[in-house]
Amino acid sequence: VELGVIRDGRLQPLCCWQEADPVELVWDEDEEPLESVYDVYNAVDAFPQQRLIDGGLGPNNPHGEESEDVYFVDRSDLSEGTVVALREDREVWW
């Protein structure tokens, strides 16, 4: 079972960039959204926030006007067998 967020009727897979608690999740850009969702196995409370893309300093966002959603989820809220994709390249360097 992987983590995702339902948006516009499609499931967008999520990933994290470090092993931490709470888990800080962002959209997994390596995965395409699923067109339909049949089962929701583990609905958890997430605390959505936003962060600057590339920390507002990188070549893709030099002026800091682009942001992305970040979802904070306590590891204890995740059911056994839940896979959290780790993508260290999604780290933001401030």
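Trainee: Is there a simple way to think about the overall build of the protein chain in this case?
Mentor: Counting its regular elements, the protein chain contains zero helices and six strands. Along the protein chain, helices and strands appear, N-terminal first, in the series β-β-β-β-β-β. In the protein chain, which comprises 94 residues, the proportion classed as buried is 30%. Put simply, the protein chain shows about 6500 Å² of open surface, and 47% of that area lies on carbon and sulfur atoms.

Trainee: When you look at the nonpolar core in this model, what are you seeing that I'm missing?
Mentor: Nonpolar side chains in soluble globular proteins tend to be buried together. Membership of the largest hydrophobic core is limited to ten residues, which are Leu3, Val5, Leu14, Cys16, Val23, Leu25, Tyr71, Val73, Leu78 and Val84. Looking at this core, the elements that each hand over two or more residues are strand E2 (10-16), strand E3 (23-27) and strand E5 (67-73). With sequence-adjacent residues up to four places away left out, cysteine 16 is seen in contact with Val23, Glu24, Leu25, Val84, Ala85, Leu86 and Arg87. In this structure, Cys15, Trp17, Val26 and Ala85 belong to the second largest nonpolar core, which totals six residues.

Trainee: Would you mind showing me how to read the side chain of threonine 82 here?
Mentor: Mapped onto the secondary structure, threonine 82 falls in the loop between E5 and strand E6 (85-86). Among the polar contacts listed, one links the side chain of threonine 82 to the backbone oxygen of serine 79, at a separation of 2.8 Å.

Trainee: In this structure, what is going on with the packing of aromatic side chains? I would like to understand it.
Mentor: The relation between two aromatic rings is expressed through the spacing of the ring centres and the mutual angle of the planes. For the coordinates displayed, the defined rule picks out zero aromatic pairs. The lysine or arginine in question, arginine 51, covers the ring of tryptophan 17, its NZ or CZ lying 4.1 Å from the ring centre.

Thresholds, definitions, all that
Residues numbered from 1 in each chain as written. Predicted model: local features only at pLDDT ≥ 70, side-chain atom pairs only at ≥ 80, totals over all residues. Heavy atoms only, no water. Helix = DSSP H or I, 4+ residues; strand = E, 2+ residues; numbered from the N terminus. Buried < 20%, exposed > 50% of the residue type's maximum accessible area, 1.4 Å probe, protein only. Areas by Shrake-Rupley, 256 points an atom, 1.4 Å probe, with all protein chains shown as cover. Core = buried A, V, L, I, M, F, W, Y, C linked by side-chain atoms within 4.5 Å. Contact = heavy atoms within 4.5 Å. Polar contact = N/O pair within 3.5 Å; in protein donor to acceptor, adjacent residues only side chain to side chain. Phe/Tyr/Trp six-rings, centres within 6.5 Å; stacked < 30°, edge-to-face > 60°. Lys NZ or Arg CZ within 6 Å of the ring centre and 35° of its normal.

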